[in-house]
Protein chains: 2
Amino acid sequence: MGPASTRATGSVGLVETQYADLPEPIRLDCGRDLHPVRVAYETYGTLSPDRDNVILVCHALSGDAHAAGLSKTPGESARDGFGAEDRDGVAGKGLGWWDGMIGPGKAFDTDRYFVVSTNLLGGCRGTTGPSSTDPATGRPYGSDFPVITVADMVRTERALLDVLGIERLAAVAGGSLGGMQALEWAVLFPDQVDAVVAIASTHALHPQGVSWNAIAREAIMRDPAWQGGHYHGTGRAPDAGMGVARMVGHVTYLSATSMGDKFGRRLQDADDIRYTIAEPDFQVESYLRHQAATFVKRFDANTYLYTSRALTYFDLARQHGGGSLARALDGVTARTLLIAFSSDWLYPPSASQEIEDALLAHGKPVEFQVIDAPYGHDCFLLEEARQTPIIRRFLGGTAA
Amino acid sequence: MGPASTRATGSVGLVETQYADLPEPIRLDCGRDLHPVRVAYETYGTLSPDRDNVILVCHALSGDAHAAGLSKTPGESARDGFGAEDRDGVAGKGLGWWDGMIGPGKAFDTDRYFVVSTNLLGGCRGTTGPSSTDPATGRPYGSDFPVITVADMVRTERALLDVLGIERLAAVAGGSLGGMQALEWAVLFPDQVDAVVAIASTHALHPQGVSWNAIAREAIMRDPAWQGGHYHGTGRAPDAGMGVARMVGHVTYLSATSMGDKFGRRLQDADDIRYTIAEPDFQVESYLRHQAATFVKRFDANTYLYTSRALTYFDLARQHGGGSLARALDGVTARTLLIAFSSDWLYPPSASQEIEDALLAHGKPVEFQVIDAPYGHDCFLLEEARQTPIIRRFLGGTAA
């Protein structure tokens, strides 16, 4: 197989999201058992006879199972996530959120690998979450849904793979919250993961990131339409607060530099300011409003709350190392690839550096690459061309 | 007079806010005339017989006229602004928001200067603003208050000084939005300003800063209790949205580093996470909630909207230079001191650098100092000891 640059890359084509009902309850970190649990997933490529070519791809806060190809039921796309949609106008056309990374000849090469992508536990795109029916009441859980962790998401993914008859992963990969899941996999199931690809991620979000997430959740919960989390069926939803939450998130996914390049201080009306408080006057203000309006149409506010909470709770050192990251990673056997982006201030390269240091302290195989790019956290969705050769070379080292 | 380090510094003592009713309407940038206008102000030190020792101090978004000394009517202090209150426990004790900078032997030395501090136009602490009575209706203006600009604030300050019989300023000084006012003074009234001290400020907020302000305003306006801006007298106020706005602002005033140093990822309950969505679990989350709760008690939401809008509109190049900052500053005659802080990502040193470059292009006297300090934008309130010798030396060059 030649290098990526000399091969044509392609699409996985039309895909359809599938659903699996897990046979057993999921035992959650909080102590509760969750049942029933349905998982939405997609697969791309062909499972090898030895079932040894599986890559699990994990999504970020606002993603879903539709990671690659064209959806048979196109609608609002999770590719809207992180502002990536503007780049090539694919929003709403049903293209998977990581289509540039998954497919024939791509970073996660479906000519070689069988790629599985799921909607995470707590999601609103097919997997059981707060908008699912609570068997105890027959109504949507709302805020009665148990508080979940990244480890709970991983246990759910483990259970889905059991249903699919898959024991081992050649790799588990993801960006941001997806990278947290990948790292958690390597810790929880060290004997079942050959390689980890954690992109624009961290072992524990820094306090400023914790704050942004807290503010986003406050914006949702302070919206009277949230109704204590039981808004389903009331004809009202906390769209106003969700919009604010999304705007906060969106700015943290970009960089000051890229916002400067993209919007500057350009006004809506080129002539002059319009002396308006209630209406957007700068183009960037209008853009943020648009992002908010689009997002609330496709995403459930409670899923946002639960997922945001899970990613702030994620802390490998606290969970697994008694405060020590090195101890937490002591049992990892997977080879690890860490990729970070120079302009990502939400998941800065320093966090990946700490992971590398902790793995190296145990002599674990790890590769860390910082890509110099201006688009902030969004880079993990935008800088596909520069991640691809790194990931292909890294995965080439696995037996597959 | 010896250097600051060898002199004891003191307090201006007990002070009382005064009020002046302007005799003429203020002609606003938006084309409307505003009348009546009352201005809240305080003075510290003694006006010289020649009235040539006046320093005007301008406050930032959440400040007020009480800049120094102890208020005779203590209440919630504007020193709460920007998180400075935690440092020495002075919150609510009536200490002025820049007390460390104004007083005998301090940066703005009241042994030498007569310092005037006003609450800005549109304010909610004594100067006419959206919560003032609209003479046309007999009710509070609310969102019928005209959209104001930084230049309108400066014209109001000019009018107050006329009432006080003060023609010239030995200096005009401020941080953040206060620095914008200082720069605007030098452009609007070049013959009446000897020196400008603009700290942690800019000639035009960058698009990320515009975004944070837009999000804060959205949070307020999307609160149903805002009621289109006419919440006064209804028994409801957009406290929920204001709280979110304040949290957004607060995080932008700090730095990721200082948040890490101050809070880390410490939990409220040292033992473990409590698996809660609705309640704060990290100490930084509790801190932000406290900041929000404190702020909404002392500040009017509409004033926040109007002031935030004014500071995003501020753009010296657009207003005065046809897009060119150098042209906008062409008429400045004041000596200018610019101070910025290395960790301030909201008003980064690069913005002050652009001002220095534009002034130097015309051969204008300008001094630019970057102070290496970790506290973000808050530094202008916190790093008093390091600003003091710079400011004293700079002001020492003026005839006074």
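Each remark here, short or long, concerns the structure printed above.
All values reported here derive from a predicted model rather than from experimental measurement.

A. Local environment of the packing of helix H1 (residues 150-163) of chain B against helix H2 (residues 177-188) of chain B. Residue and element names in this part refer to chain B. Put simply, H1 and H2 touch, their axes get as near as 9 Å, and they point 70° apart. Taken together, the axes of H1 and H2 are roughly perpendicular relative to one another. Contacts between H1 and H2 pair Val-150, Ala-151, Met-153, Val-154, Arg-155, Glu-157, Arg-158 and Leu-161 from the former with Leu-177, Met-180, Gln-181, Glu-184, Trp-185 and Leu-188 from the latter.

B. Seen up close, the interface of chain A and chain B. Across the boundary between the two partners, chain A contributes 59 residues, which contact 59 residues of chain B. The three residues of chain A that bury the most area against chain B are Arg-265, Tyr-275 and Ile-277 of chain A, which together make up 17% of that side's buried surface. Taken together, the links from chain A to chain B amount to 10 salt bridges. Linking Arg-309 of chain A and Glu-285 of chain B is a salt bridge whose minimum nitrogen-to-oxygen distance equals 2.9 Å. One can count 30 residue pairs in polar contact (both at pLDDT 80 or more) joining chain A with chain B. Within the residue set of the side of chain A that touches chain B, elements represented by two or more residues are helix H3 (207-221), helix H4 (239-253), helix H5 (256-263), helix H6 (283-298) and helix H7 (301-313) of chain A.

C. Examining the pairing of strand S13 (residues 171-175) of chain A more closely. All names here are of chain A. Most of S13 sits out of view: five of its five residues are buried. Burial of S13 is two-sided: the residues Ala-171, Ala-173 and Gly-175 facing one way and the residues Val-172 and Gly-174 facing the other way are all buried. In terms of strand pairing, strand S6 (residues 54-58) meets S13 through four bridges, oriented parallel. Residue pairing across strands places Ile-55 opposite Ala-171, the latter belonging to S13.

D. Main features of the sheet that holds strand S10 (residues 114-118) of chain B. Residue and element names in this part refer to chain B. If you trace the eight strands from one edge of the open sheet to the other, you get S2-S5-S10-S6-S11-S12-S13-S14, paired in mixed fashion. Where the open sheet ends on each side, the last strands, each with one partner, are strand S2 (18-21) and strand S14 (366-371). Strand-to-strand twist across the sheet, computed as the mean angle between neighbouring axes with direction ignored, equals 20°. Relative to S10, strand S6 (residues 54-58) runs parallel, the two sharing four bridges. Bridged to Leu-56 within S10 is Val-116.

E. Main features of the sheet that holds strand S16 (residues 366-371) of chain A. Residue and element names in this part refer to chain A. Ordered in space as S2-S5-S10-S6-S13-S14-S15-S16, the eight strands form an open sheet in which the pairing is mixed. Every interior strand has two partners, whereas the edge strands, strand S2 (18-21) and S16, have only one. Each adjacent strand pair in this sheet contributes to an overall mean axis angle of 20°, direction not counted. Note: strand S15 (residues 335-341) against S16, six bridges, orientation parallel. Its bridge partner being in S16, Phe-341 is matched across the sheet by Ile-371. Against the sheet, helix H1 (residues 150-163) contacts S2, strand S5 (38-44), S6 and strand S10 (114-118), and its axis sits at roughly 130° relative to S10.

F. Up close: the pattern of salt bridges. All told, the structure shown has 40 salt bridges over all chains when counted by the stated rule. In this structure, Arg-289 of chain A engages Glu-218 of chain B in a salt bridge whose closest nitrogen and oxygen atoms are separated by 2.6 Å. Here Arg-289 of chain A, found in helix H6, pairs with Glu-218 of chain B, found in helix H3 (residues 207-221), and the two come from separate chains. The partner of Asp-64 of chain B in a salt bridge is Arg-125 of chain B, with the nearest N and O atoms 2.7 Å apart. Of this pair, Asp-64 of chain B sits in the loop between S6 and strand S7 (70-71) while Arg-125 of chain B sits in the loop between S10 and H1, and the two are 61 residues apart along the sequence. Exposure remark for Asp-64 of chain B: the relative accessible area of 5% places this residue in the buried category. The partly exposed category is assigned to Arg-125 of chain B, whose relative accessible area is 24%. By sharing partners, the salt bridges in this structure join Glu-218 and Arg-222 of chain A together with Glu-279 and Arg-289 of chain B into a single network.

Thresholds, definitions, all that
- Residues numbered from 1 in each chain as written.
- Chains lettered and ligands numbered in written order.
- Predicted model: local features only at pLDDT ≥ 70, side-chain atom pairs only at ≥ 80, totals over all residues.
- Heavy atoms only, no water.
- Axes fitted to C-alpha atoms, helices over the stretch in contact; angles between N-to-C directions.
- Helix = DSSP H or I, 4+ residues; strand = E, 2+ residues; numbered from the N terminus.
- Parallel < 35°, antiparallel > 145°, perpendicular 65-115°, else oblique.
- Contact = heavy atoms within 4.5 Å.
- Buried area = accessible area lost by both parts, 1.4 Å probe.
- Salt bridge = Lys/Arg side-chain N within 4 Å of Asp/Glu carboxyl O.
- Polar contact = N/O pair within 3.5 Å; in protein donor to acceptor, adjacent residues only side chain to side chain.
- Buried < 20%, exposed > 50% of the residue type's maximum accessible area, 1.4 Å probe, protein only.
- Pairing = 2+ DSSP bridges.

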